[in-house]
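Now for the letters of each chain:
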Amino acid sequence: MKGWREMIRAFLLDVNQEDLYKLAAMLHRSGKVAVIGMSSHPQSALEQMAGLQPDVLFLDLQLHGLQGVLVAEQIKQQLPAIQIVVTTGSKQHALWAFDQAIVDYLLKPFEEERLCQSLERLRKGSDAV
């Protein structure tokens, strides 16, 4: 990931359009993140991210077709350096996320304060690299 002084390049994947745009707006307001792509379709997201090379993927695990867990594993194979922040309405995959070294686990509905904490974790992760 780039140094913290540079914008974090993020890709958003969520089947819920309302959540997708709400998160994009929140990230934009933070002044720390450039949303370089977003999708509500897992296969399309996988293809787009290969070319865009984002620093972080904000991933909803509740996806149609490909499950979010499988998407995360495919993305990690395709882009090993990418950081992943899970965004979901359920705590059911929290243990999996911990085992996979997921940067953070944001529960919906999103809260500004909690998102700021997640961005701080991303920053600390980039400083460690």
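Since we're looking at a predicted model, the values are computed, not measured.

### Quick notes on the overall build of the chain
Helix and strand counts for the chain stand at five helices and five strands. Across the chain, helices and strands are ordered from the amino to the carboxyl terminus as β-α-β-α-β-α-β-α-β-α. What you see for the chain is a C-alpha radius of gyration of 13 Å, in line with the 14 Å of a compact globule of 129 residues. Along the first, second and third principal axes, the C-alpha atoms of the chain reach 35 × 30 × 25 Å. Within the chain, the proportion of its 129 residues that are buried is 46%. Taking contacts inside the chain between residues at least 6 apart in sequence as the whole, the part at least 24 apart equals 62%. Split by element, the accessible area of the chain, about 6,800 Å² in all, is 52% carbon and sulfur. The centroid of the 13 positive side-chain charges in the chain is displaced by 6 Å from the centroid of its 15 negative side-chain charges.

### Here we look at unusual backbone geometry
For the bond from Lys108 to Pro109, the omega torsion is 0 degrees, close enough to zero to count as cis. Assignment of secondary structure puts Pro109 in the loop between β5 (104-107) and α5 (112-128). If you check the backbone angles, Gln53 has positive phi at about 55 degrees while not being a glycine. Here Gln53 shows up in the loop between α2 (42-52) and β3 (56-59).

### A closer look at the nonpolar core
Judged by nonpolar contacts, the single largest core of 21 residues is most densely connected at Met49, Leu57, Leu59 and Trp96. The element that contributes the greatest number of residues to this core is helix α3 (residues 68-78), accounting for four residues. Beyond its immediate stretch of four places on either side in the chain, Leu59 contacts Leu13, Gly68, Val71, Ala72, Ile84, Val85, Val86 and Thr87. Listed in part, the 18 residues of the second largest apolar core include Ala10, Met26, Leu106 and Leu122.

### Regarding the environment of Gln78
Structurally, Gln78 is set in helix α3. Other than its neighbours up to four places away in sequence, Gln78 contacts Leu46, Met49 and Ala50. Looking at Gln78, its side chain comes within polar contact range of the main-chain oxygen of Leu46, at 3.1 Å.

Rules used throughout
- Residues numbered from 1 in each chain as written.
- Predicted model: local features only at pLDDT ≥ 70, side-chain atom pairs only at ≥ 80, totals over all residues.
- Heavy atoms only, no water.
- Helix = DSSP H or I, 4+ residues; strand = E, 2+ residues; numbered from the N terminus.
- Rg over C-alpha atoms; globule rule 2.2 N^0.38 Å.
- Buried < 20%, exposed > 50% of the residue type's maximum accessible area, 1.4 Å probe, protein only.
- Contact = heavy atoms within 4.5 Å.
- Areas by Shrake-Rupley, 256 points an atom, 1.4 Å probe, with all protein chains shown as cover.
- Lys, Arg positive; Asp, Glu negative; His and termini not counted.
- Charge placed at Lys NZ, Arg CZ, Asp CG, Glu CD.
- Core = buried A, V, L, I, M, F, W, Y, C linked by side-chain atoms within 4.5 Å.
- Polar contact = N/O pair within 3.5 Å; in protein donor to acceptor, adjacent residues only side chain to side chain.

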